[in-house]
Amino acid sequence: MGWLNSVYAEPSHAAEFAATAAAVLADPALGGRPYTVTGPQSLTFTDQIGILSQVTGRDIAIKHVSRQEWKAEMAEYIDGPVGDALLDYWQSCDGRPAELTPVVEDLTGRPARTFTSWAGEHRAAFLN
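Quantities reported herein were computed from a predicted structural model and do not represent experimental measurements. (Residues numbered from 1 in each chain as written. Predicted model: local features only at pLDDT ≥ 70, side-chain atom pairs only at ≥ 80, totals over all residues. Heavy atoms only, no water.)

### Focus: the nonpolar core
This is how it is decided: By convention a nonpolar core is built from buried Ala, Val, Leu, Ile, Met, Phe, Trp, Tyr and Cys residues, the set being connected through side-chain atoms within 4.5 Å. Any residue under 20% of the maximum accessible area for its type is buried, any over 50% is exposed, and the rest in between are partly exposed; the area is computed with a 1.4 Å probe on protein chains only. Secondary structure elements are taken from DSSP: a helix is a run of H or I of four residues or more, a strand is a run of E of two residues or more, and numbering for both begins at the N terminus. Pairs of residues are marked as contacts when any of their non-hydrogen atoms sit within 4.5 Å.
Membership of the largest hydrophobic core is limited to eight residues, which are Ala23, Val24, Leu30, Val37, Val103, Val104, Leu107 and Ala112. For this core, the secondary structure elements donating two or more residues are helix H1 (14-26) and helix H5 (103-108). The dominant element in this core, judged by the number of residues it contributes, is H5, at three residues. Setting aside residues up to four positions removed in sequence, Leu107 forms contacts with Thr20, Ala23, Val24, Leu30 and Tyr35. Judged by nonpolar contacts, the second largest core, of seven residues, contains Val7, Val65, Trp70 and Trp90.

Pasting the structure below:
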């Protein structure tokens, strides 16, 4: 898909959700409102693949596919309407960096972890 280079995401480390939830649960004054947890970087899918390639030391080929090809390849994992909604969402974000929030640092007192950090922690899973 041509938009692979221009759709941004803000990958969040799973541990950030746990840390922010723990902070909210520990302080009743923080409850009762929504929090948008994000990672510290707005990265394109291509950026993320580049980081995974760097962390694993392996070249990762990027194959641009059509919407129909993607849906066919993902059909076992994502049903049609959900796949369409996801593709529509990605298309609506084309070329716009993801909005980042300071929620992790505000609630935990430390910056959110990077995608590179997460990828390094899970390197073995990508090598299997």
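The rest of the description comes next.
### Brief notes about the environment of Asp27
With respect to the helices and strands, the residue Asp27 is situated in the loop between H1 and strand S2 (43-44). With 80 residues separating them in the primary sequence, Asp27 and Leu107 have C-alpha atoms 9.9 Å apart.

### Things to note about the pattern of salt bridges
How we decide: By definition here, a salt bridge exists when the distance from a side-chain nitrogen of Lys or Arg to a carboxyl oxygen of Asp or Glu is within 4 Å.
A full pass over the atoms with the stated rule returns six salt bridges. The shortest N-O distance in the salt bridge between Arg113 and Glu16 comes to 3.6 Å. You can see Arg113 sitting in the loop between H5 and helix H6 (115-121) and its partner Glu16 sitting in helix H1, a full 97 residues away along the chain. The closest approach of N and O atoms between Asp84 and Arg67, which form a salt bridge, is 3.6 Å. Remark: Arg67 occurs in helix H3 (residues 67-74) and Asp84 occurs in helix H4 (residues 80-92); sequence separation between them is 17 residues. Through salt bridges that share partners, Arg67, Lys71, Asp84 and Asp88 make up one connected network.

### Describing the environment of His122
Its location among the elements puts His122 in the loop between H6 and helix H7 (123-127). Spatially, the C-alpha atom of His122 lies 9.7 Å from that of Thr56, the residues being 66 residues apart in sequence.

### Things to note about the confidence of the model for the chain
Formally: The pLDDT value tells you how sure the predictor is about a given residue, anywhere from 0 up to 100.
The predicted model of the chain averages 90 in pLDDT, with 95% of residues at 70 or higher. The weakest mean pLDDT in the chain belongs to strand S1 (residues 8-9) at 76; the strongest belongs to H5 at 96.

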